[in-house]
Each structure stands twice: as C-alpha cells, then as structure tokens.
Amino acid sequence: MSNILWPEIYKKLGVKPVINARSWVTHLGGSLMPREVLSAMEEASKSFVDIVELHKSAGKIISKICKSESGLVTAGCAAAQVLMSAGCITGTDKKLISELPNPSTHKKEILIFKGQRNHYDKNFEMSGAVLKEFGDESDVSPKDLYQKIDEKTCAVAFAMSPFLSTGLGVLETAKIAHEFNVPLIIDASAVLPPVENLYRFIDQGADLIAFSGGKGIRGPQDTGILAGNKDLVDAAFENMICFDSPKATIGRSMKVSKEGIVGLVTALEMFIDSDQDAIWDSWRQKAQFIVEHVSSRAGLTIKLEENEDRQGPQAVLYFDNMWKGLNSEEIRESLLDNDPSIYVGAGGVSGEINIVVVNLQDGEEKIISDKLNEILN
Ligand SMILES: *Cc1c(COP(=O)(O)O)cnc(C)c1O
C-alpha cells in the first residue's frame, strides 16, 4: 500500500481505499465532502426537527440558487427522477398519489428521444409511468415529437450526459411540449460544474430539473436536487412524504435524513461560492502532470483534453495499430491490480483510456503516472 490514507474505520471493515480517476461515479463513492459540509451534518444530528419544515426551508435555498419557483432535496438524482415523473402523473391529487405505481389514468406516458435512452431512464418508469420514444437512435426532428405527443402524454423527458445526444435541445423541446401544456422534465445529474447549469435549463423552459448532490456539488452521495415549477415540486414532495395519508407513498423509500438535507444545502452554497476557475486550473495541472510524465510513444498518444461538457480536464490515452504493448483492457486491469487500485475511465469508442482528475487527491497524479510508465514500458 502506498502512502495514501487508509482510514481506521475502513481498515476495521477490511475495505481498502482506491484511487478514483474515473470521476464522480457512484461505484467509487461519488465525491469527498468538504469539512464544512461534514460539520454542518454533525451539528444537524444533535437535535430533532420537523422534517417538513426543514424541507421547506432547504427548498427555498435551492429555488433561490436555481432561480426556480421551488426546490426540494431528494435522495439522489435518481430519486428526483422518480418523484418528478410521479408528480407529473398525479399532481397533488391524493387519490392518484395513493394509487401509484398503478394510477387509474391514461395520462401516464412520458416521451423521450430514442437517442437519449440511458442507464438511468428506468427511474422515470418506477412511478408507473410508461416511456415512449420519439425519433431514432441518432436523428430527430420536431415532427417526430409532434407526432407522438397526445392526450396520454404527462411529460416529455430530456437526459443530459457527456456521451448523450442533445436531440432537439432544451429550448425547442420545451417549446413543443408547452404547446400541448405538457411539462419538460430533465435529468441533468452530472452536468455540474459549470455552476450556471443550475439555472440555465430552467431559463430555457425546463419545468423540472434533477441534479445529483454527491457529484460535482460534493454533498452527501445519497442526496439530490429537484427544482422548477411550484405545483410540480409540491406534487413531487407529496409523493415523497405524505405523513397524513393512511398508506405510505411510493417516495417513502426515498426519504432524506435531516443530516442529508443540511449537508446538501451547505455543499450547494459552497459550490456556488467557490472559485471555479481556480478549481479548474488545479484539475488542469494534475492532468498536465500526467501528460508530461507519461509522454506519447510509437502507437500511443496521450493528450490533455478539456471540454466543459466532459467533467473537467483529463489526460486521455489513444492507441493506434503501431502500438505493440498491452491493450487498453489489459492496461486497465494492471491499474486495478496496483495497491491501491487505480480506477480510470473508458469513455470512448476507440478503446481510449480517460484519466479523469476531478477526484484525485494531491499526489495521486504521480502514483498514476509512475504506474502507467511501469505498465507501458
Ligand atoms: C449519476 C447519474 C444519475 C443518478 O444520480 P444519483 O445522484 O446517483 O442518484 C442519473 N442520471 C445520470 C445521467 C447520471 O450520470
């Protein structure tokens, strides 16, 4: 084991820490919370409060920051997706809320562009909603959406992710949905930073938007944000906790603790106050270090890439047929065999290796470079 920190509690549990050069992924623990977030959570743990009151107050902070009518802390972006879809079916109708996931209404279809189908869209269906596609895998026109939208449509969904198509775009999709009085709901889990994305898409017409609290925002890994239209956020909240109904609502399995609510709003406030340029520069330096120390060679090119849509600057290794060493998969396996294990990203189509630095602790860029040189030479 190298000199990276092995917290006593993980030692006791027999679980070794790893180096996360893959990004804010759930699989490796999301992000590391700033000390201030942890102390706010500890403080919150010292007394009882009325959870509804705490939610309302946290919601006001979210709505101010997201420039939306209303806001809600959820149990991750995935939970926000379930609740937004539930809210679009039920509104605040107590009978429909109690019926989910089998609502007695035909207005429960959610339209999604086929090219945006993804790992997480099941969350939209957990409420009982039915996903219907428009467009084909790579192509979509306004006509495709016009043809599918009808009286059974309760929402149009939009998904954002570095490798997903932007389809008709938020503006156009919102415009068409609104012609039919149908809300546009967005999974924008991991598009932070930049900070402006917290309000950009609401400004472009999104009625509800969901973000992860435990990725770029660096709040608790099991929190998220729902922001947007007041009636719809109220509807989502009723689907989460409805203390006065005889039966639990579907969102009962997605509750957020008082510590989680406090941790999320603290992290969110720190996120918008942070010096994003300085943070971006520190990421660029780590990526640049790796590019310089692992230099290109015959058949292998290593480049610094930075793109606002792609989770910070990264060092990317590309292989061509001149390359005579281990293949991309074997390299990734050797990195995992290291002590500590090094997890890297495999984002692309051509077997490249993405070393994402947003979650690297100081010094880990050197451990990665040394190990890569050992494997590649
Ligand atoms: C991570 C992710 C989610 C899930 O977010 P959680 O906060 O982990 O629940 C949903 N959608 C996309 C595109 C994601 O990247």
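Up top is the structure these notes are about.
Residues numbered from 1 in each chain as written. Predicted model: local features only at pLDDT ≥ 70, side-chain atom pairs only at ≥ 80, totals over all residues. Heavy atoms only, no water.

As for a negative patch on the surface
To be explicit about the condition: Exposure above 30% relative accessible area and the absence of a salt bridge qualify a residue for a patch, where like charges join within 9 Å and nonpolar side chains (Val, Leu, Ile, Met, Phe, Trp, Tyr) within 5 Å. Areas reported as accessible are Shrake-Rupley estimates using a 1.4 Å probe. Residue values count occlusion only from the protein chains shown. Salt bridges, as used here, are contacts in which a Lys or Arg side-chain nitrogen is within 4 Å of a carboxyl oxygen on Asp or Glu. This count recognises Lys and Arg as positive and Asp and Glu as negative, with His and chain-terminal groups excluded. To locate a charge, take NZ of a lysine, CZ of an arginine, CG of an aspartate or CD of a glutamate. Think of it this way: any DSSP run of H or I at least four residues long counts as a helix, any run of E at least two long counts as a strand, and we number them from the N terminus.
The grouping of Glu329, Glu330, Glu333 and Asp337 at the surface amounts to a negative patch. Position of Glu330 relative to the elements: it lies in helix α13 (residues 328-337).

A word on unusual backbone geometry
What counts is decided by this rule: Buried means the residue's accessible area, taken with a 1.4 Å probe over protein chains only, is under 20% of the maximum for its type, while exposed means over 50%, and partly exposed covers the values in between.
With an omega of -10°, the peptide bond between Leu192 and Pro193 qualifies as cis. Tracing the backbone through its elements, the reader meets Pro193 in the loop between β6 (184-187) and α9 (197-203). Cis geometry is found at the peptide bond from Pro193 to Pro194, where omega equals 5°. Position of Pro194 relative to the elements: it lies in the loop between β6 and α9. With a phi close to 65°, Arg218 is a non-glycine residue in the positive phi region. Note on placement: Arg218 falls in the loop between β7 (208-212) and β8 (224-228). You can call Arg218 partly exposed: its relative accessible area is 37%.

Considerations on the pattern of salt bridges
By the definition in use, this model includes 20 salt bridges. Here Lys366 makes a salt bridge to Asp370, at a shortest N to O gap of 2.8 Å. Separated by four residues within a single helix, Lys366 and Asp370 lie in helix α14 (residues 364-376), roughly one turn from each other. Here Lys366 falls in the partly exposed class, since its relative accessible area comes to 45%. Overlapping salt bridges, with partners in common, bring together Lys114, Arg117, Asp121, Glu133 and Glu137 in one network.

Quick word on the packing of α13 against α14
Stated precisely, the cut-off is as follows: All axes here are fitted lines through C-alpha atoms, helices being fitted over the stretch that makes contact, and every angle between N-to-C directions spans 0 to 180 degrees. What sets the label is the angle itself: under 35 degrees gives roughly parallel, over 145 gives roughly antiparallel, 65 to 115 gives roughly perpendicular, and the rest give oblique. Left-handed describes a crossing whose near helix is turned anticlockwise from the far helix by less than a right angle; the clockwise case is right-handed. Two residues qualify as a contact provided that any one of their heavy atoms is within 4.5 Å of a heavy atom in the partner residue. Residue polarity is assigned by list, with Asp, Glu, Lys and Arg as charged and Ala, Val, Leu, Ile, Met, Phe, Trp, Tyr, Cys and Pro as nonpolar; anything else, Gly included, falls into the polar class.
Put simply, α13 and α14 touch, their axes get as near as 10 Å, and they point 130° apart. Relative to α14, the element α13 lies oblique. Judged by the sense of rotation from one axis to the other, the crossing of α13 with α14 is right-handed. On α14, the residues touching Ile331, Ser334 and Leu335 of α13 are Lys371, Leu372, Ile375 and Leu376. The residue inventory of the contact of α13 with α14, partitioned by class, reads five nonpolar, one polar and one charged.

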